[in-house]
Amino acid sequence: MFKKALLLGALAILGDAAPLYRRANSTAPSLRDFCDVSNIQDAIPSNGTLNGIDILPDSVTASIVRTPGNLTSSYGSLNSTNSTSSSGSGSSSYNYCNVSLQYVHTGTDYLVTLVYAFPDPQDFKNRFYSAGGSGYLLNTDATGGLPYGAVSGATDAGYDSLDGVSFDEIVLFGNGSLDWEATFMFGYQALGELTIVGKELTRNLYQVDDDQKIYTYFEGCSEGGREAMSQVQRYGEEYDGVIAGAPAFRLALERVGHVAPALYEYVEDYIPEPCALSTIVNLTIEACDDLDGREDGVIGRTDLCLLQFNLSSLIGESYNCDASTITPLGFGFSNSSNSSITGSSHYNTSTAGSPSYAVPAQSGTISEEDVLIAQKVWDGLHNNDGERAYVGWQIGSELSDAEPTYNNDTDDWEINIPSTGGEWITKFIELIDLDNLEDFDGADYDTAVEWMNTGLVRFWDSLQTVYPDLSTFHESGGKLLHYHGESDPSVPAASSVLYWQSVKKSLYGNLTLQNQIKALDDWYQLYLIPGAGHCGANSLQPGPYPQTNMEIIIDWVENDHTPAGLNSTVTSGKFSGEEQLLCKFPQRPVWQGSNSSSFDCEFDEDAYQTWNYTFPAFDLPIW
């Protein structure tokens, strides 16, 4: 069971820790003296010190900023339609030095702008913090570390990311021509250089002794989770603690996976009504709710649901939905919030900012064809020969990407191609400057596998962020907290399990499974969050969601308190407010009774095997 004392102890780390600056210096300078342009310039490492980076001293600006209370530290998480997100926050005001500077890569004119927030010296706690972005955006908020007494920053990556320019807007110079420098900067390099420069400035400005550690953290979810993993893989020696939520690190597979549900409808020549799909989801949740030992509206064990529930049993069940109006929320959310009334005669392509549109009342009975589409979405993409190419979303997850749109002019349901995947195919695979795939004409399942294969080969060393050898990070003392909503309808939870397994095999392949798990537990922990959606709690399944990840990782890194589980809180439903200490994968929860407030974490070999996949559709290994 969750122990409240653990949480209180973790919170004390943030609230009571003395500023570490004073350990190296008897008195700290005033913020006014600290935040002086000449002082910042004097702290810049001389060119040649940082390999490949030439800082431009004349570009430095500095100003004191006094924030209001309740500053929020956000780590760039995304909310799906049925999700809510949390972020760390502080209730105090923060005074800090806002610094900007520029550098070029040695021997080039590729100009990069960095922005940092340096805490008042009396608040500094020898920490550096970076946060991830979302969609194709890097984080633009440089103040996320202030609640933790940390310096933090943001980068424009050389293509005006600080001004909100999204990488997908500039990835092509023109049709057929990729901007490779921007691709590598977005992929991992810009954030690594942000940290390298920032840590050197931090050490020099706060006069931190060489033998004193500057604890360095990265936190992100979704694309931010991919960025977190990119830093672990590429700059492992720079980071002490990394939090990666639902990492979208298999872009070549995941993005095509977003269009696969619509492709199933095209190939099978059947378009299910959204009400039929949502009813299938709700009935599946109801059927599998108590497989973990407790009825709480949550599929706590999708593995058991997969083993024990026959989706065909839903054929003939009735569905009924009232007429409604749908308002799209934009790119990166679930399909129901990306719908559009524009498009070709048989297709609708999801785009951000589309107008609201009316959806008629729907009623009927679930058909064999409805179940077939749902089953294919949850099974994942296979080629024409039935060989697996990618994982699907866990059974009971929203079927968002399979939902069609309604054409009010023709009174017809139309296949909807989500731009989350369609744009990847047009811009990154076909290298054509179009915001979405217009249609599937002539495509089949082998076509989708070839799209995936092209992305795997083309972006293996830049955007496909799944390198499994984390020995540099581990040997440098790094700690990795990796979590994923088990019912995530955007990035499949199995994708995170697959990466955990790849790291386990890469580093400890000569050990038994139990010894592999034990070895990983000391520095890399994976948590599947029952019922949770994409980077947030899920209103369809009112389960727990972690709220104190930064406190946990700081305690792990700085006090060597290895987490026994992941602190989380149920945010809605029958058990709202209940605190849970989530199980470390591959252990899974088994509740002690339907109304119990405690569960055991157990290893189930048969259930574990449901997370093991091979991908015979590819000749290359899939990590």
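As recorded by an unreviewed UniProt entry, the chain carries the name Carboxylic ester hydrolase and is attributed to Cyberlindnera fabianii. The heading Sequence similarities (unreviewed entry) in the UniProt record of the chain holds the text "Belongs to the tannase family."

Describe the overall build of the chain, and please don't skip the residues or the numbers.
Counting its regular elements, the chain contains 18 helices and 27 strands. Out of the 623 residues belonging to the chain, those deemed buried represent 60%. In the chain, 72% of the contacts between residues at least 6 apart in sequence involve partners at least 24 apart.

An account of the packing of helix α6 (residues 180–205) against helix α7 (residues 223–234) is requested, with residue identities and associated values reported.
The interhelical angle for the contact between α6 and α7, taken along N-to-C directions, is 65 degrees, at an axis separation of 9 Å. By the criterion of interaxial angle, the relationship of α6 to α7 is roughly perpendicular. Handedness of the crossing formed by α6 with α7: right-handed. In this structure, α6 contributes Phe186, Gly187, Tyr188, Leu191 and Gly192 to the contact, and α7 contributes Glu223, Arg226, Glu227, Ser230, Gln231 and Arg234. Looking at the contact of α6 with α7 residue by residue, the classes come out as three nonpolar, four polar and four charged.

Account for the pattern of salt bridges, naming residues and giving values.
Counted under the stated rule, the structure contains 14 salt bridges. We note a salt bridge from Asp521 to Lys584, for which the minimum N-O separation is 2.7 Å. Of the two residues, Asp521 sits in helix α16 (residues 513–521) while Lys584 sits in the loop between β25 (579–582) and β26 (588–591), which places them 63 residues apart along the sequence. You can call Lys584 buried: its relative accessible area is 18%. A single network of salt bridges, built from pairs that share partners, joins Arg301, Asp303, Glu486 and Arg588.

Provide a residue-level description of the sheet that holds β25, including the pertinent values.
The strand order across the open sheet built from three strands is β23-β24-β25, with neighbouring strands paired in antiparallel fashion. What marks the edges here is a single partner per strand, and that holds for β23 (544–545) and β25. Pairing geometry for β23 and strand β24 (residues 566–570), over two bridges, is antiparallel. Across the sheet, residue Tyr545 finds its bridge partner in β24, namely Thr569.

Can you lay out the state of the cysteines for me, pointing to particular residues and giving the numbers?
What the rule picks out here adds up to five disulfides. The side chain of Cys288 participates in a disulfide bridge whose partner is Cys305; the two sulfur atoms lie 2.0 Å from each other. Residues Cys288 and Cys305 are joined through a disulfide that is right-handed, its torsion about the S-S bond being 65 degrees. Note that Cys288 is positioned in helix α9 (residues 274–288) and Cys305 in helix α10 (residues 302–308), a separation of 17 residues in sequence. You'll find Cys288 and Cys305 in the same group, each marked buried. A sulfur-sulfur distance of 2.0 Å marks the disulfide that ties Cys583 to Cys601.

Please provide a residue-by-residue account of a nonpolar patch on the surface, values included.
Taken together, the side chains of Trp460, Tyr467 and Trp623 define a hydrophobic patch exposed on the protein surface, amounting to about 300 Å² of accessible area. Note on placement: Tyr467 falls in the loop between α13 (445–458) and α14 (471–475).

Conventions we followed
- Residues numbered from 1 in each chain as written.
- Predicted model: local features only at pLDDT ≥ 70, side-chain atom pairs only at ≥ 80, totals over all residues.
- Heavy atoms only, no water.
- UniProt positions renumbered as here; feature names shortened; annotations may be inferred.
- Helix = DSSP H or I, 4+ residues; strand = E, 2+ residues; numbered from the N terminus.
- Buried < 20%, exposed > 50% of the residue type's maximum accessible area, 1.4 Å probe, protein only.
- Contact = heavy atoms within 4.5 Å.
- Axes fitted to C-alpha atoms, helices over the stretch in contact; angles between N-to-C directions.
- Parallel < 35°, antiparallel > 145°, perpendicular 65-115°, else oblique.
- Left-handed = near helix turned anticlockwise from the far one by under 90°.
- Nonpolar A, V, L, I, M, F, W, Y, C, P; charged D, E, K, R; others polar.
- Salt bridge = Lys/Arg side-chain N within 4 Å of Asp/Glu carboxyl O.
- Pairing = 2+ DSSP bridges.
- Disulfide = S-S within 2.5 Å.
- Patch = residues over 30% accessible without salt bridge, like charges linked within 9 Å, V, L, I, M, F, W, Y side chains within 5 Å.
- Areas by Shrake-Rupley, 256 points an atom, 1.4 Å probe, with all protein chains shown as cover.

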